[in-house]
Amino acid sequence: MEISAFLSRILEWLLYQLLANSCYEAARKLRNLAIHFFKSSEPPHNKPSFSSQNAPPPFPYLPKCHHLGNLRSRTLVCDINGTIIIPSHDHSHYWHSFFPYFMLVAFEAGSIVRAFMLLMSYPLLITLQSIHQDEMIIKVMVFITFCGLKVSEVETVQRTVLPKFYMENMSKEVYELMESVGGKMVITSVPRVMVEGFLREYLGAGLVVGTEIRVLGPWFTGLVGPGGVVVKQVAVKEVFDAGGGGDYGEMAANVIGVGSSGFHDTLLLSLCKEAYLVPKPRASSRLPKDRYPKPLVFHDGRLAFLPTPSASLAMFIWLPLGILLAMIRLAAGVLLPYKLARPIGVFSGIRIMFNTQNSPMPTNVAQDMTSLVGRAKGVLYVCSHRTLLDPVMLSVSLSKPLTAVTYSLSKMSEIIAPLRTVRLTRDRRQDADTMERMLKEGDLVVCPEGTTCREPYLLRFSSLFAELADEIVPVAVNTHVTMFYGTTAGGLKCLDPIFFLMNPRPCYYIHVLGKLPRDQTCAGGRSSFEVANLIQRKLADALGFECTGYTRKDKYMMLAGNEGLVDAGRTRNISNARGSKC
């Protein structure tokens with residue numbers, strides 16, 4: 001008995017230090033439950049569960065939308081966690097299924113240290129789950145994730161990072177229902193700041209009720225607001241009462257409730273006249289990309305995977321080896337000749353798919369390369385742009401030196417680049433003279449999109465390159481990573497190559513197309529805009545991508561809220577794309 005009391009006092013002190021005075025009463029309650037646990041040999045009383053395999057479901061499963069009739073006059077009420085967003089597995093607890101999104105905020109808006117602290121809290125969260133402290137679990141995750149973060153940084157992550165992961169795990173059945181109804185209400189226990197922007201912008205939600213977080217000036221304190229963690233069945237009844245002018249029945253009669261078979265969702269559904277259960281995760285299908293509410297052209301953040309607890313643990317275990325491996329790969333590329341750098345890169349796990357059977361180089365390419373020898377000008381390679389390493393990988397694949405022209409290469413990347421780089425000024429005439437001079441000195445590689453794009457889209461091509469050369473070779477470039485993205489709009493661009501090389505097996509796909517026929521160039525009577533559009537379409541067809549009219553400026557306005565300008569003395573990232581649309 002003395003040992004149990006001593007352990008409970010230690011646990012109480014830890015929670016008091018972690019959650020401060022506003023959560024102290026919850027910690028006292030936890031102490032009493034712990035003492036009761038040690039006193040009794042019987043397991044604690046479980047909340048009623050309706051997900052047992054032996055018990056029939058309390059509500060029918062959600063049918064196809066056309067079976068429900070005309071729903072334009074109806075309002076849907078549901079939770080984003082476990083309903084709109086599919087949990088990882090059938091028996092995922094409420095907090096467990098949303099843990100990856102807290103991890104994304106901690107890593108992208110905070111730091112790797114904050115993300116590690118959140119992962120280290122996982123045993124504590126499991127302990128709290130075993131004694132049914134669901135509210136305390138949310139408070140712990142909120143405190144570790146948000147304490148000390150700037151509100152603006154969290155809002156940026158919510159706008160530029162989270163939508164990708166939300167849509168990749170969105171239930172097709174629930175989305176079809178949301179498209180059919182006239183009104184949408186989302187009641188959730190997760191922080192409102194994490195979900196409201198996505199729900200309103202992508203799904204058209206009219207009302208979003210979530211847990212509020214206290215703010216001190218421009219920073220989050222990490223403590224939940226005065227209302228505490230949102231209890232869904234209580235919140236939805238308050239909404240019904242307010243919406244119906246105090247007449248609960250009038251408002252509830254027009255509502256369709258959808259939720260999981262969990263305890264709180266079942267109570268929420270019992271307040272609705274018509275209610276359905278979402279299919280189990282294994283039976284539910286994810287929304288395909290071609291059905292997304294909005295095309296996912298741009299997104300930011302470093303993590304390329306959904307950081308579930310197990311995946312996050314694997315990332316932190318890999319991180320020391322990944323940093324060492326990135327340094328070895330980088331040193332090999334910078335210090336060694338091409339003939340040695342490529343086999344070392346392949347041995348270390350880098351895959352370069354060049355002239356393979358799946359994407360064979362056209363038979364006329366070798367003839368085209370031979371015919372270009374002895375010309376007054378070098379070859380102009382026009383590439384799609386995926387990372388800052390595109391010119392390097394092309395140079396290594398061709399085993400020949402190239403010169404790369406760029407608008408936005410950091411000083412660090414410029415110093416360590418294994419090939420010659422030339423910075424452009426954004427003055428069209430001056431840049432044209434520079435590129436013309438470089439072409440007279442040798443082969444040149446240019447990425448006319450002006451910035452990188454991660455998704456299967458090509459941005460609008462600048463037409464400047466088409467005015468300078470008649471010997472143009474399009475190059476289709478694509479990449480594949482499993483852990484870290486090698487591009488960023490809001491982070492340190494000098495780390496982009498490092499993050500790409502930290503992946504266990506990064507893959508580069510390079511497809512050199514045939515030389516552009518003369519009658520399809522400016523020398524053949526085409527305008528520079530027509531040539532730029534033509535090459536954009538050729539590269540899109542080779543990669544299976546879609547052409548867009550987005551520019552570099554559009555990307556930075558969406559992801560960073562600016563035109564890509566940074567302080568003088570640092571890299572200036574502003575679009576010079578003045579090509580035409582495809």
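Residues numbered from 1 in each chain as written. Predicted model: local features only at pLDDT ≥ 70, side-chain atom pairs only at ≥ 80, totals over all residues. Heavy atoms only, no water.

Caption draft 1: Geometry of the pattern of salt bridges. Counting across every chain of the model gives 19 salt bridges. When the shortest N-O distance is used, the salt bridge between Glu212 and Arg192 registers 2.5 Å. Note that Glu212 is positioned in the loop between strand S3 (207-211) and strand S4 (213-216) and Arg192 in helix H10 (residues 192-203), a separation of 20 residues in sequence. Each of Arg192, Glu196, Arg200 and Glu212 takes part in a single network of salt bridges with overlapping partners. (Salt bridge = Lys/Arg side-chain N within 4 Å of Asp/Glu carboxyl O. Helix = DSSP H or I, 4+ residues; strand = E, 2+ residues; numbered from the N terminus.)

Caption draft 2: Quick peek at empty space enclosed by the protein. Across all of its chains, the model carries three cavities of 30 Å³ or more by this definition. Put simply, the second largest cavity is a space of about 80 Å³. In terms of residue class, the lining of the second largest cavity is built from five nonpolar, four polar and three charged. (1 Å grid on protein atoms, 1.4 Å probe; cavity = no way out; pocket = protein on both sides within 12 Å on 5 of 7 lines; lining within 4 Å. Points joined across faces, edges and corners; volume = space filled by probe spheres on them. Nonpolar A, V, L, I, M, F, W, Y, C, P; charged D, E, K, R; others polar.)

Caption draft 3: Fine view of a nonpolar patch on the surface. A cluster of nonpolar residues, Val334, Leu335, Leu336, Leu340 and Ile344, forms a patch on the protein surface that exposes about 420 Å² of accessible area. Of all the secondary-structure elements, those providing two or more residues to the nonpolar patch are helix H14 (309-335) and helix H15 (338-347). Note on placement: Ile344 falls in helix H15. Since its relative accessible area comes to 34%, Ile344 is described here as partly exposed. (Patch = residues over 30% accessible without salt bridge, like charges linked within 9 Å, V, L, I, M, F, W, Y side chains within 5 Å. Areas by Shrake-Rupley, 256 points an atom, 1.4 Å probe, with all protein chains shown as cover. Buried < 20%, exposed > 50% of the residue type's maximum accessible area, 1.4 Å probe, protein only.)

Caption draft 4: Region of the structure containing the pairing of strand S2 (residues 183-191). Along S2, nine of the nine residues are buried, which leaves the element largely enclosed by surrounding structure. Handedness of the crossover is the feature at issue here: the chain leaves S2, passes through H10, returns alongside S3, and the resulting connection is right-handed. (Right-handed = clockwise from strand over helix to strand, strands pointing away.)

Caption draft 5: The arrangement of the sheet that holds strand S7 (residues 274-277) in detail. Taken together, five strands build an open sheet; the order of strands is S3-S2-S1-S6-S7 and the sheet is parallel. With one partner strand each, in any of the chains shown, S3 and S7 form the two edges of the open sheet. Taken over all neighbouring pairs, the strand axes of this sheet differ in orientation by 15° on average, direction set aside. Alignment of strand S1 (residues 75-78) against S2, held across four bridges, turns out to be parallel. From the neighbouring strand, Leu76 faces S2, where its bridge partner is Lys184. (Pairing = 2+ DSSP bridges. Axes fitted to C-alpha atoms, helices over the stretch in contact; angles between N-to-C directions.)

Caption draft 6: The arrangement of the packing of aromatic side chains in detail. Under the counting rule described, the total for this entry stands at 13 aromatic pairs. A centroid spacing of 5.3 Å and a plane angle of 70° characterise the contact between Phe116 and Phe316, whose relative ring orientation is edge-to-face. Highlighted residues: Phe116 in helix H4 (residues 112-120) and Phe316 in helix H14, separated in sequence by 200 residues. Taking the ring centre of Phe165 as reference, the NZ or CZ of Lys164 above it sits at 4.4 Å. Positioned above the aromatic ring of Tyr485 is the side chain of Arg454, whose terminal nitrogen or guanidinium carbon lies 4.0 Å from the ring centre. (Phe/Tyr/Trp six-rings, centres within 6.5 Å; stacked < 30°, edge-to-face > 60°. Lys NZ or Arg CZ within 6 Å of the ring centre and 35° of its normal.)

Caption draft 7: Up close: helix H3 (residues 94-110). With 17 residues, H3 ought to run about 24 Å at 1.5 Å a step, and its terminal C-alpha atoms sit 23 Å apart, in line with that. A bend of about 35° at Pro100 is the largest found in H3. (Expected span 1.5 Å × (residues − 1). Bend = angle between axes of the 7 residues up to and from the residue.)

Caption draft 8: Region of interest: the pairing of strand S6 (residues 255-259). The element S6 is extensively covered by neighbouring structure, given that five of its five residues are classed as buried. Of the two faces of S6, the one carrying Val255, Gly257 and Gly259 and the one carrying Ile256 and Val258 are both buried. Bridging between S1 and S6 involves three bridges; their strand directions are parallel. Within S6, the position partnered with Leu76 by the bridge is Ile256. Of the crossover connections in this fold, the one passing from S6 over helix H13 (residues 263-269) to the parallel S7 is right-handed.

Caption draft 9: Looking closely at the sheet that holds strand S12 (residues 444-446). Taken in spatial order, the seven strands make up an open sheet running S8-S15-S14-S9-S12-S10-S11, and their pairing is mixed. Edge positions in the sheet fall to strand S8 (351-354) and strand S11 (420-423), since each has one partner strand and no second. Here the average twist between neighbouring strands, direction ignored, is 25°. Alignment of strand S14 (residues 472-480) against strand S15 (residues 507-512), held across six bridges, turns out to be antiparallel. The partner of Ala476 across the bridge, within S15, is His511.

Caption draft 10: Layout of the packing of H4 against helix H6 (residues 134-146). In contact at an axis separation of 9 Å, H4 and H6 are set at 165° when each is read in the N-to-C sense. Looking at the two axes, H4 sits roughly antiparallel to H6. In this structure, the crossing between H4 and H6 has a hand that is right-handed. Judged by residue contacts, Arg114, Met117 and Leu118 of H4 engage Met141, Ile144, Thr145 and Phe146 from H6. Partitioned by chemical class, the residues of the contact of H4 with H6 number five nonpolar, one polar and one charged. (Parallel < 35°, antiparallel > 145°, perpendicular 65-115°, else oblique. Left-handed = near helix turned anticlockwise from the far one by under 90°. Contact = heavy atoms within 4.5 Å.)

Caption draft 11: Focus on the nonpolar core. Ranked by internal contacts, the top residues of the largest apolar core, which has 110 residues, are Ile84, Phe146, Met194 and Leu199. It is H3 that contributes the most residues to this core, 11 residues altogether. What Ile84 contacts, discounting residues up to four positions off in sequence, is Cys78, Asp79, Asn169, Met170, Ser171, Val174, Met178, Val186, Leu199 and Leu203. Judged by nonpolar contacts, the second largest core, of 33 residues, contains Val382, Ala466, Leu543 and Phe545. (Core = buried A, V, L, I, M, F, W, Y, C linked by side-chain atoms within 4.5 Å.)

Caption draft 12: Layout of the confidence of the model for the protein. In this model, the protein carries a mean pLDDT of 81, and residues with pLDDT of at least 70 account for 78%. Considering only residues more than four positions removed or in separate chains, one finds that residues 14-52, a stretch of pLDDT under 50, has 48 contacts. (pLDDT = per-residue confidence, 0-100.)

Caption draft 13: Structural context of the environment of Met327. Tracing the chain through its elements places Met327 in helix H14. The class for Met327 is partly exposed, based on a relative accessible area of 40%. When the C-alpha atoms of Met327 and Ile498 are compared, they prove to be 7.8 Å apart, with 171 residues separating the residues in sequence.

Caption draft 14: Representation of the side chain of Thr145. Among the secondary structure elements, Thr145 is positioned in helix H6. On the basis of relative accessibility, which here comes to 0%, the residue Thr145 falls in the buried class. When sequence neighbours within four positions are dropped, the list of residues in contact with Thr145 reads Phe102, Val105, Ala106, Arg114 and Leu118.

Caption draft 15: Layout of the packing of helix H5 (residues 122-130) against H6. Interhelical geometry of H5 versus H6 gives an angle of 165° and a closest axis separation of 9 Å. On the basis of their axis angle, the class for H5 and H6 is roughly antiparallel. Of the two elements, H5 crosses H6, and the hand of that crossing is right-handed. When H5 is examined against H6, the residues Leu124, Leu125, Leu128 and Gln129 are found in contact with a partner set consisting of Met136, Ile137, Val140 and Met141. Grouping the constituent residues of the contact of H5 with H6 by class yields seven nonpolar, one polar and no charged.

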